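# Observations on the model geometry
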Amino acid sequence: MRITVIGTGYVGTVHAACMADLGHEVLGIDIDEERIASLSAGRAPLHEAGLGEVLARTVSSGRLRFSTSLAEGAAFARTHFVCVGTPQRPDGQAADLRFVDAVIDGLAPHLRPGSLVVGKSTVPVGTAARLARRLAVSTRDCEVAWNPEFLREGSAVQDTMHPERIVVGVVSERADNVLREVYRPLLRAGVPWFSTDPATAELVKVAANSFLATKVSFINAMSEVCEAAGADATVLARAIGADSRIGDRFLEPGLGFGGSCFPKDIRAFAARAEELGAGASVVFLHEVDRINTRQRRRTVDLSRRLLGGSLAGRRVGVLGAAFKPGSDDVRDSPALAVASALQEGGAAVRVHDPEALDNARAAHPALAYTLDVPKACEDADLVLHLTRWPEYGRIDPAGLAAVVHEPLLLDARGGLDEPSWRAAGWSVHALGRPDRRTAVSARGGAS
Ligand code: UDX
């Protein structure tokens, strides 16, 4: 089957490569000529497990090609996936739909009769219906459907080839059949198929992200209470997570969520609900957002207190820049937000990350960076663990203790083995663990 994938960012590149790998003939389209040139040469523009291989394989097979022309795309296929970004509007909380609208307007005059435009971007509910009206002005017999993606950065290829479900929002059986044809190999493999109306499909995506973000903020709120009560949030998380109705995933107390989706999606959802007169129903999402940003402040405040009340002139080694492990993405990275705040407070901060340094440098040029963990921590008065990369779990605490000025660790992500760090002479502190209160009190800065 022939399809186009419009927008070759995270979602689009992975979708285009994976659809070609399923056997389709795919034309990827983007206005960024440099990106299209690099993709045409089979080079992945982002760090994503397995993507390089799938891209190289499908480009060299000829099943995946790229272009900058929407007109060429419209002539090439009758099924078009729209995967362009929907960032937060610069003037508010709502989603900025100008890229989606530009694709529809660019495509409309060229579409062949009977074409299906399938949105994958995360959008405010009602967008598919609005785009269908916009399309109808210049096109006959074309439909809009919505097919949200649920891929996670770091496992995007795996999530696309082995999804936990496929959700499609359609207005006709014809559209449902086209999408079943696109995903036939996955349906044969038993992936659950949810076919519904476009509004429900649009909402499934934002509801799923809202639920997950709420889960993270819930455990972080519990972590704040645990600190106040001298209790241990990591044990609490495991114990409540053992209840199968709750489940232990997305329940790690720590620095909270970041990235290109959760923060903007919950804000856009709250803004859209407000427009619909249902704002009261999701008012809790504002609190989810506030709890999340508070974790960054808490980490900065605790660092300052651990350093005796002032950051000025102190050296801080930071482990992690990416918004989460397995990704080189630093968009709304909690780690870099904390590192920058410490630097602005007067500390000399050196950041390590195994994958995200180029992006980190571009986003926060004032920070110092290194690819070497001991260098990041050389002469440090405090070491911060801010992204849970697996290699940080393999650090030799005794070896690192030998290079720092003070063996003082704040594990803001959990996950480092506290007893072995303590055994190597480190004073270890973590968000939501009781020792922090006593340790901080002992230094005269109790919370
Ligand atoms: C998310 C959704 O999971 C995905 O379905 C959607 O399509 C896009 O948004 P992603 O942004 O790649 O994917 O990251 P995810 O793995 O979901 O993590 C989101 C954030 O939550 C990360 O910053 C992560 O570090 C944080 N997180 C996750 C926690 O702080 N605690 C947890 O327990 C779990």
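Residues numbered from 1 in each chain as written. Predicted model: local features only at pLDDT ≥ 70, side-chain atom pairs only at ≥ 80, totals over all residues. Heavy atoms only, no water.

## Structural notes on the site of the ligand
- The full set close to the ligand counts 19 residues, and Phe 150, Leu 151, Glu 153, Glu 252 and Lys 324 are the nearest of them.
- Interatomic distance of 2.7 Å between a backbone N/O atom of Glu 153 and an oxygen atom of the ligand.
- Measuring from an oxygen atom of the ligand, one finds a backbone N or O atom of Gly 258 at 3.0 Å.
- Burial of the ligand by the surrounding chains reaches 91%, relative to a free accessible area of 670 Å².
- Sorting elements by how many residues they give to the shell around the ligand places helix H10 (residues 198–229) first, with 3 residues.
- Classifying every residue of the shell around the ligand by side-chain character gives 9 nonpolar, 3 polar and 7 charged.
- Split by domain, the residues of the shell around the ligand number at least three in each of domain 1 (2–196) and domain 2 (208–429). (Near = heavy atom within 4 Å. Polar contact = N/O pair within 3.5 Å; in protein donor to acceptor, adjacent residues only side chain to side chain. Areas by Shrake-Rupley, 256 points an atom, 1.4 Å probe, with all protein chains shown as cover. Helix = DSSP H or I, 4+ residues; strand = E, 2+ residues; numbered from the N terminus. Nonpolar A, V, L, I, M, F, W, Y, C, P; charged D, E, K, R; others polar. Domains from an automatic or database assignment.)

## Overview of the packing of aromatic side chains
- Tallied over the full model, the rule gives 4 aromatic pairs.
- Taking 5.6 Å as the distance between ring centres and 85 degrees as the angle between the ring planes, the aromatic pair formed by Phe 257 and Phe 262 counts as edge-to-face.
- For Phe 262, a relative accessible area of 12% corresponds to the buried category.
- Through a chain of ring-to-ring contacts, the aromatic side chains of Phe 250, Phe 257 and Phe 262 assemble into a single cluster.
- The lysine or arginine in question, Arg 165, covers the ring of Phe 150, its NZ or CZ lying 3.6 Å from the ring centre. (Phe/Tyr/Trp six-rings, centres within 6.5 Å; stacked < 30°, edge-to-face > 60°. Buried < 20%, exposed > 50% of the residue type's maximum accessible area, 1.4 Å probe, protein only. Lys NZ or Arg CZ within 6 Å of the ring centre and 35° of its normal.)

## Section: unusual backbone geometry
- Despite not being glycine, Asp 332 shows a phi value in the positive range, around 45 degrees.
- Here Asp 332 is to be found in the loop between strand S9 (315–319) and helix H14 (334–344).
- One non-glycine residue, Asp 379, lies in the positive phi region at around 60 degrees.
- The topology assignment puts Asp 379 in the loop between helix H16 (373–377) and strand S12 (382–385).
- A residue is classified by how much of its surface remains accessible, and Asp 379, at 43% relative accessible area, is partly exposed.

## Observations concerning the packing of helix H12 (residues 262–275) against helix H13 (residues 284–306)
- Interhelical geometry of H12 versus H13 gives an angle of 155 degrees and a closest axis separation of 9 Å. In terms of orientation, H12 lies roughly antiparallel with respect to H13. With respect to the hand of their crossing, H12 and H13 are arranged in left-handed fashion. Contact with H12, carried on its side by Ile 266, Arg 267, Phe 269 and Ala 270, involves Leu 285, His 286, Val 288 and Asp 289 of H13 and no other residues of that element. (Axes fitted to C-alpha atoms, helices over the stretch in contact; angles between N-to-C directions. Parallel < 35°, antiparallel > 145°, perpendicular 65-115°, else oblique. Left-handed = near helix turned anticlockwise from the far one by under 90°. Contact = heavy atoms within 4.5 Å.)

## Some words on the side chain of Thr 160
- With respect to the helices and strands, the residue Thr 160 is situated in helix H7 (residues 156–161).
- There is a polar contact of 2.7 Å between the side chain of Thr 160 and the backbone oxygen of Ala 156.
- Look past the residues within four positions of Thr 160 in its chain and what remains in contact with it is Val 14, Cys 18, Met 19, Leu 151 and Leu 186.

## Brief notes about the state of the cysteines
- Applying the stated criterion across every chain yields a total of 0 disulfides.
- Looking at Cys 142, it has no disulfide partner, and the nearest cysteine sulfur is the one in Cys 83, 18 Å off. (Disulfide = S-S within 2.5 Å.)

## Looking at the pairing of S12
- Side chains Leu 382 and Leu 384 project from S12 onto one buried face, and the interleaved Val 383 and His 385 project onto a second face that is buried too.
- Where S9 and S12 come together, 4 bridges link them in parallel fashion. Residue pairing for S12: Val 318 is matched across the bridge by Leu 384.
- Pairing between S12 and strand S13 (residues 408–411): 3 bridges, direction parallel. Among the inter-strand pairings, Leu 384 is bridged to a residue of S13, identified as Leu 410. (Pairing = 2+ DSSP bridges.)

## A short note on empty space enclosed by the protein
- Enumeration over the complete set of coordinates arrives at 1 cavity of 30 Å³ or more.
- Of the voids in this model, the largest cavity is the one considered here, and its volume is about 100 Å³.
- Lining the largest cavity are 14 residues, and of these Thr 122, Val 123, Pro 124, Val 206 and Ala 268 sit closest to its centre.
- Within the residue set of the lining of the largest cavity, elements represented by two or more residues are H10 and H12.
- Take the lining of the largest cavity: its biggest share by element is 5 residues, from H12.
- Per-domain counts for the lining of the largest cavity show at least three residues from each of domain 1 (2–196) and domain 2 (208–429). (1 Å grid on protein atoms, 1.4 Å probe; cavity = no way out; pocket = protein on both sides within 12 Å on 5 of 7 lines; lining within 4 Å. Points joined across faces, edges and corners; volume = space filled by probe spheres on them.)

## A few points about the sheet that holds S9
- Spatially, the 6 strands line up as an open sheet ordered S11-S10-S9-S12-S13-S14, and their pairing is parallel. Edge positions in the sheet fall to strand S11 (368–370) and strand S14 (427–430), since each has one partner strand and no second. Neighbour-to-neighbour, the strand axes of the sheet open up by a mean angle of 20 degrees, direction not taken into account.
- With 3 bridges joining them, strand S10 (residues 348–352) and S11 adopt parallel strand pairing. Bridge pairing in S11 links Val 351 to Tyr 369.

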